[in-house]
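Residue-level listing of the chains:
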Amino acid sequence: MKEYVPFTDVRAVFEKTGAAKYFSHLDLTRTVSRALRRSRLDIWMTEGFSPRPHLVFTPPLSLGYESVCEIMDFRLNLGAELDKDAFISSFPPALSIKDVYFPERKLKEIEYAGYTLTLRADKPAEQISALFSAPVMLLKKTKRSEQIVDITKFIKSLDLSENNGIIKMSAVLSCSGSESLSPAYLISALAENGITAENISVCRTAFYDGTMNIFR
Amino acid sequence: MKIDMNSLHEMLLSVQKPARYTGGELFECVKNEREVDVRFAFCFPDIYDIAMSCLGYRILYGAINEHKNFWCERVMQPWPDFEKALTDNGVPLYSLESKTPLSEFDIIGFTLQYEMCYTTVLNMLRLGNVPLYSNKRQGLKNLVIAGGPCAYNPEPLAEFIDLFCIGEGETQLTELCTLYDRAVKGGWDKKRFLKEAMNITGVYAPALYRTEYNDDGTISAFTPTEAGVPTKITKRIEQDLDSMYFPKTQIVPYIDVVHDRVTIELFRGCIRGCRFCQAGMLCRPLRVKSVETLTRQASELLECTGHDQLSLCSLSSSDYPEIERLVDELLKLTEHKKINLSMPSLRIDNFSKELAEKITRVKKSTFTFAPEAGSQRLRDVINKNVTVEDIDRSCKMSFENGNSSVKLYFMIGLPTETNDDVAAIADLSAHVVDIFFSVDKSKRNRHVTITSSASIFVPKPFTPFQWEAQDTLEQVFEKQALLKEKFKGIKAQIATHEPYMSEIEAVLARGDRRLCSVLYEMSKSGARLEAWDEFFDRQAWNAAFFKCGVDKDFYAHRKRGFDEILPWDFIDAGVTKKYLKKEAENAYSGKTTRNCAEGCTGCGAARLTKGGKCDEGICPVY
């Protein structure tokens, strides 16, 4: 039997681009809370000392990274209507909403995230490909530990292409609660191996479940 | 040439809070530069976090942008990390909206909120490659103007600023932009424009005046250098606050700024007449917004911004004539949405239990009271009109309401102050601790935190204390030592402040044109953001005073005679000099003056209103 809850979960997929890539995850939560207030939806609020909307996000992006696939979950009071237009129009352009729906799966089911890295390098794309086809040992930091690991363990796939001297790396990296890798490690791997990269931009493009289906 | 944001990417990633420098927030105003006639860079001489918290900045930004042929953009002083990145990479200071370099703007306007921002004003011009001295800017391009509370003594910046806008800017600034547009289209030279601009009430062009000095350094004459230029500048006020411009939207910052909330302004002016308070005199006559206007404005801004805090702004919010009704109406907007209603500037003597209970309904906050002086004698001298009974009643009420934290604000160095008055600060703080323990245990918290803060009095222009000497550094140190001694064994903390910055503030507040060279020296030495303790450099100031042959004691620690020509005497701020003198004399004899609600005290400010009346009654014209 399903447990009684006084709210309905809602999921939104949004972009974090332009000016939005320069503010932190904490700023994102505040900005989204305000957008929810502006939307005039009947939002379920936490019942603590300082009532606020209940928000869950996909893993934070590093400062300076863009994304076209961020996900947030919030709650409506039970029985409240989901006015999608009001919701979408309450967000600033740098956080445009792509989709809003009632979710059927939990965010925990995300296993991988896809990224596009574009950069200029002083070595050809083939050399970068070759670098990641063998183990790449790097010091990996987590909240709990610091250890030298082979980061290619966390790379599900990596495709490279080169056009007019601009290298495009399409990477699918682990992004679950137990295993995850930031694209920053791919960039440090280049530097560690004598490849100088410039004009680097990073964009998160998709989330996947364990069977590499787009997560929804 | 606009600055390409992509070229700043690496720089932005190397600094703290890069969102301070990107713009792109909700409700920023973006226009097509080809469709506007006047481009206005509104400069705030402090960092983004402070600028975006300033109500006046929001209002004037909106007021100018209401006009479709003017475009007002924001420019702020960057934090030193980004400032260094800009200078290292040869990037000039730019506007947040269109990323246009400062030197490409028609009008560059500064708001002067506090004296310690003066060096930042010059630094921003430097970062923007704009010549500092106004006589180095020949044409109409890069017209540098300034307004705000510190513009009431414009003289320390007289050689850098083309026009000062004295008083309230809602209408004045757009009139100035309109005239500027005419001047550019008509091909006027700068002098003609400056002269014409002085026909706008409250506008002052320092280049059209000359100051002469006596041998003792005091001013002997202040005269126009051109025929047809007025000898007196009357400040500008808005006549009717209900119909006055007020923004329907406000920029919603992405990052956490100091005052991250919706603020509405209850009234301008103050009925109290505390003798040390500059704002209380400058903002007169009293003009009140109606409950209906305030409720509508609060509702519009809360809805469009999504803020979860609403703050009431005025010099003394509990003096708002219909405060209970206003709070009831506002609670209807806020309570069910869990929006926190906050009310700074409450007076100890007149806020009720009901009011206290109402404003803490959503979220509890600390109570802050400002008795300003420890002894009743000194409180009478400064006309604070707060008694120990008032303090007893308010603190008891606040403790019974579950508050266990009270902040008390005091000043040291007030005119006529003795060591007994200083010691009385400790006595009063101890008394507040006693009040806490006298409250029934079942009603109050178990622990109490009383924090007293003693700042240093800075005499300001247009107050009854404008002639006073500020305490010397030695006097201040002595009094601070006494305070610390007296606080031993009391369950209250005392916070004191370093007096060096207050001394410079006192110099700038009552300075004259001879300080321009000092400010220039300071700006050459890289001074900026000096309201921040970490960037205030007293050695640099001493060196600049020495180099320019300026004696800071002359400005800070000298008592002026009533007959002396003061650098700001040519400004009519409403309240008359005669009234200020009378109030100074009342202070010396410890005589209090009633508040305006009890009866007019004849300050003279009501002359500036159309009917010669302020909202508290009819003032006789002096």
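Along each chain, residue indices are assigned from 1 in the same order as the chain's sequence is written. Think of it this way: whatever chain is written first is A, whatever ligand is written first is 1, and the rest follow in order. With the structure being a predicted model, the display of local features is reserved for residues of pLDDT at least 70 and the display and counting of side-chain atom pairs for 80 or more, all residues being used for whole-chain, interface and lining totals. Each side-chain value is worked out from all heavy atoms of the structure, with water and hydrogens disregarded.

Another aspect to go through is the overall build of chain B. When its secondary structure is counted, chain B shows 20 helices and 21 strands. Its C-alpha radius of gyration of 24 Å places chain B within 12% of the 25 Å reference for a compact globule of 622 residues. Overall size of chain B, expressed as C-alpha extent along the three principal axes, is 75 × 65 × 55 Å. Going through the 622 residues of chain B one by one, you find that 62% of them count as buried. In chain B, the proportion of contacts linking residues at least 24 apart, taken out of those at least 6 apart, comes to 76%. All accessibility values rest on the Shrake-Rupley procedure with a 1.4 Å probe; residue burial counts only the protein chains present in the view. Total accessible area on chain B stands at roughly 23,600 Å², and carbon and sulfur atoms take up 50% of it. By the counting scheme adopted, Arg and Lys are positive, Glu and Asp are negative, and His together with the chain ends is not counted. Note that the charge is assigned to NZ on lysines, CZ on arginines, CG on aspartates and CD on glutamates. Looking at chain B, you have 80 positive and 87 negative side-chain charges, and the mean spots of the two groups are 2 Å apart. The helix and strand labels rest on DSSP assignments: H or I over at least four residues marks a helix, E over at least two residues marks a strand, and numbering proceeds from the N terminus. Our radius of gyration looks at C-alpha atoms and nothing else; its globule reference is 2.2 Å times the residue count to the power 0.38. Throughout this description, buried means an accessible area under 20% of the type-specific maximum (1.4 Å probe, protein chains only), exposed means over 50%, and partly exposed covers the range between. By definition, residues are in contact when any of their heavy atoms lie within 4.5 Å.

What follows covers the overall build of chain A. Helix and strand counts for chain A stand at four helices and 10 strands. Its C-alpha atoms put chain A at 55 × 40 × 30 Å along the principal axes. In chain A, which comprises 216 residues, the proportion classed as buried is 49%. Counting only carbon and sulfur atoms, one obtains 50% of the accessible surface of chain A, whose full area is about 11,200 Å². For chain A, the centre of its 27 positive side-chain charges and the centre of its 26 negative side-chain charges are spaced 4 Å apart.

Buried together is how nonpolar side chains tend to be arranged in soluble globular proteins. Residues belong to a common nonpolar core when they are buried Ala, Val, Leu, Ile, Met, Phe, Trp, Tyr or Cys residues joined through side-chain atoms within 4.5 Å. Among the nonpolar cores identified, the biggest contains 160 residues, and Phe87 of chain A together with Phe110, Leu112, Leu163 and Phe193 of chain B are the most heavily contacted of them. If near-sequence neighbours (up to four positions away) are discounted, Phe193 of chain B is found in contact with Leu140, Leu143, Leu163, Leu176, Leu179, Tyr180, Ala183 and Trp188 of chain B. Counting 38 residues, the second-largest nonpolar core is a separate cluster that includes Val13, Leu61, Tyr65 and Val149 of chain A.

The interface of chain B with chain A comprises 27 residues on the first partner and 20 residues on the second. Note on terms: buried area is the combined drop in 1.4 Å-probe accessible area of two parts once they are placed together, counting the loss on both. Summed over both partners, the interface of chain B with chain A comes to about 2,100 Å²; 56% of that surface belongs to carbon and sulfur atoms. When a carboxyl oxygen of Asp or Glu is within 4 Å of a side-chain nitrogen of Lys or Arg, the pair counts as a salt bridge. On the surface where chain B and chain A come into contact, there are four salt bridges. Here a polar contact is taken to be a pair of N or O atoms separated by no more than 3.5 Å, where protein atoms must pair a possible hydrogen donor with a possible acceptor and residues adjacent in sequence count only if both atoms sit in side chains. There are seven residue pairs in polar contact (both at pLDDT 80 or more) connecting chain B and chain A. At the level of elements, helix H1 (9-13) and helix H9 (291-305) of chain B are the ones that each hand at least two residues to the side of chain B that touches chain A. Charged residues are taken to be Asp, Glu, Lys and Arg, nonpolar residues to be Ala, Val, Leu, Ile, Met, Phe, Trp, Tyr, Cys and Pro, and polar residues to be all remaining types, Gly included. In the side of chain B that touches chain A, the residues fall into 12 nonpolar, seven polar and eight charged.

Residue and element names in this part refer to chain A. Reported domain spans reflect what an automatic or database domain assignment gives. Entries for chain A in the domain assignment read domain 1 (7-104) and domain 2 (112-208). Measuring from the centre of the C-alpha atoms in domain 1 to the corresponding centre in domain 2 gives 29 Å. The partner domain 2 presents 11 residues to the 12 residues of domain 1 that form the contact. Considering only the surface of domain 1 that becomes buried against domain 2, Tyr65, Glu66 and Cys69 emerge as the three largest contributors, covering 55% of it. Inspection of the region where domain 1 meets domain 2 yields one salt bridge. Across the pair Glu70 and Arg204 runs a salt bridge, and its minimum N-O distance is 3.0 Å. At the boundary of domain 1 with domain 2, the tally comes to six residue pairs in polar contact (both at pLDDT 80 or more). The class makeup of the residues in the side of domain 1 that touches domain 2 is seven nonpolar, three polar and two charged.

Turning our attention to the sheet that holds strand S15 (residues 367-372) of chain B. Residues and elements named next belong to chain B. Across the sheet, which stays open at both edges, the four strands sit in the order S15-S16-S17-S18 with parallel pairing between neighbours. Single-partner strands in this sheet number two, and they are S15 and strand S18 (492-496). Ignoring which end each strand starts from, the neighbouring axes of this sheet average 20 degrees apart. Axis lines are fitted through C-alpha atoms, for helices just across the contact stretch, and the angle between N-to-C directions can take any value from 0 to 180 degrees. Along the sheet, helix H13 (residues 388-400) contacts S15, strand S16 (405-412) and strand S17 (449-456); its crossing angle with S15, the most-contacted strand, is approximately 170 degrees. Two strands make a pair as long as DSSP finds a minimum of two bridges between them.

Like charges are joined within 9 Å and nonpolar side chains (Val, Leu, Ile, Met, Phe, Trp, Tyr) within 5 Å, but only among residues with over 30% relative accessible area and no salt bridge; these make up the patches. Together, Met137, Leu139 and Ile148 of chain A line one region of the surface with nonpolar side chains, adding up to about 310 Å² of accessible area. Relative to the elements of secondary structure, Met137 of chain A occurs in strand S6 (residues 137-141).

Time to look at the packing of helix H17 (residues 516-524) of chain B against helix H18 (residues 538-548) of chain B. Residue and element names in this part refer to chain B. At a minimum axis separation of 9 Å, H17 and H18 run at an interaxial angle of 130 degrees. By the angle class used here, H17 and H18 are oblique. Both H17 and H18 take part in a crossing whose hand is right-handed. Residues Ser517, Val518, Leu519, Glu521, Met522 and Lys524 of H17 pack against Ala540, Trp541, Ala544, Phe545, Lys547 and Cys548 of H18. Looking at the contact of H17 with H18 residue by residue, the class counts come to eight nonpolar, one polar and three charged. Put simply, angles under 35 degrees are roughly parallel, angles over 145 are roughly antiparallel, angles from 65 to 115 are roughly perpendicular, and the rest are oblique. Helix crossings are classified by the rotation of the near helix relative to the far one: an anticlockwise turn of less than a right angle makes the crossing left-handed, while a clockwise turn makes it right-handed.

Residues and elements named next belong to chain B. Along its sequence, chain B is carved into domain 1 (5-230) and domain 2 (261-364 + 589-622). Centre-to-centre, using C-alpha coordinates, domain 1 lies 30 Å away from domain 2. At the interface, nine residues of domain 1 touch eight residues of domain 2. Surface buried jointly by domain 1 and domain 2 totals about 760 Å² across both partners, of which 48% is contributed by carbon and sulfur atoms.

Here the focus is the packing of aromatic side chains. All names here are of chain B. Ring pairs shown here join Phe, Tyr and Trp side chains whose ring centres sit within 6.5 Å, with only the six-membered ring taken for Trp; geometry is labelled stacked below 30 degrees between planes, edge-to-face above 60, and tilted in between. Inspection of every chain in the model, using the stated rule, returns 29 aromatic pairs over all chains. Of the aromatic side chains, those joined through ring pairs into one cluster are Phe164, Tyr204, Tyr209, Phe222 and Phe570. Two thresholds decide whether a charge sits over a ring: the Lys NZ or Arg CZ must be within 6 Å of the ring centre and within 35 degrees of the ring normal. Residue placement shows Arg528 over the ring face of Phe535; its charged tip is 5.2 Å from the ring centre. Over the ring of Tyr500 we find Arg538, and its NZ or CZ is 3.7 Å from the ring centre.

All names here are of chain B. Throughout, disulfides are identified as pairs of cysteine sulfur atoms within 2.5 Å of each other. Taken as a whole, this structure holds zero disulfides over all chains when the rule is applied. Note on Cys43: no disulfide assigned, nearest cysteine sulfur contributed by Cys72 at a separation of 9.3 Å. Here Cys274 stays unpaired: no disulfide links it, and the sulfur of Cys277, its closest cysteine neighbor, is 6.1 Å away.

Let's shift gears to the pattern of salt bridges. Within the structure shown, the criterion is met by 59 salt bridges over all chains. We note a salt bridge from Arg40 of chain A to Glu303 of chain B, for which the minimum N-O separation is 3.0 Å. Of the two residues, Arg40 of chain A is situated in the loop between helix H1 (25-39) and strand S2 (56-57) and Glu303 of chain B in helix H9; the pairing between them involves two chains. Residue classification places Arg40 of chain A among the exposed residues on the basis of a relative accessible area of 62%. With its nearest N and O atoms 3.2 Å apart, the salt bridge here joins Asp162 of chain B to Arg137 of chain B. Of this pair, Asp162 of chain B sits in the loop between strand S4 (143-147) and strand S5 (163-165) while Arg137 of chain B is found in the loop between helix H5 (118-127) and S4, placing the two residues 25 residues apart along the sequence. No difference in accessibility class separates Asp162 of chain B from Arg137 of chain B, as the two residues are buried. In this structure, a network of salt bridges that share partners links the residues Asp27, Arg30 and Arg34 of chain A together with Asp256 and Asp260 of chain B.

Each regular strand displays side chains that alternate between the two surfaces of the sheet. Residues and elements named next belong to chain B. Examined bridge by bridge, strand S10 (residues 262-265) and strand S13 (residues 309-313) share four bridges and lie parallel to one another. Paired with Ile264 across the two strands is Leu312, which belongs to S13. Looking at chain direction, S13 and strand S14 (residues 340-342) are connected through three bridges and run parallel. Each residue of the ladder has a partner; that of Gln309, found in S14, is Asn340. Considered for its hand, the β-α-β crossover made up of S13, helix H10 (residues 323-334) and S14 is right-handed. With strands facing away from the observer, any crossover in which the path from the first strand over the helix to the second runs clockwise is taken as right-handed.

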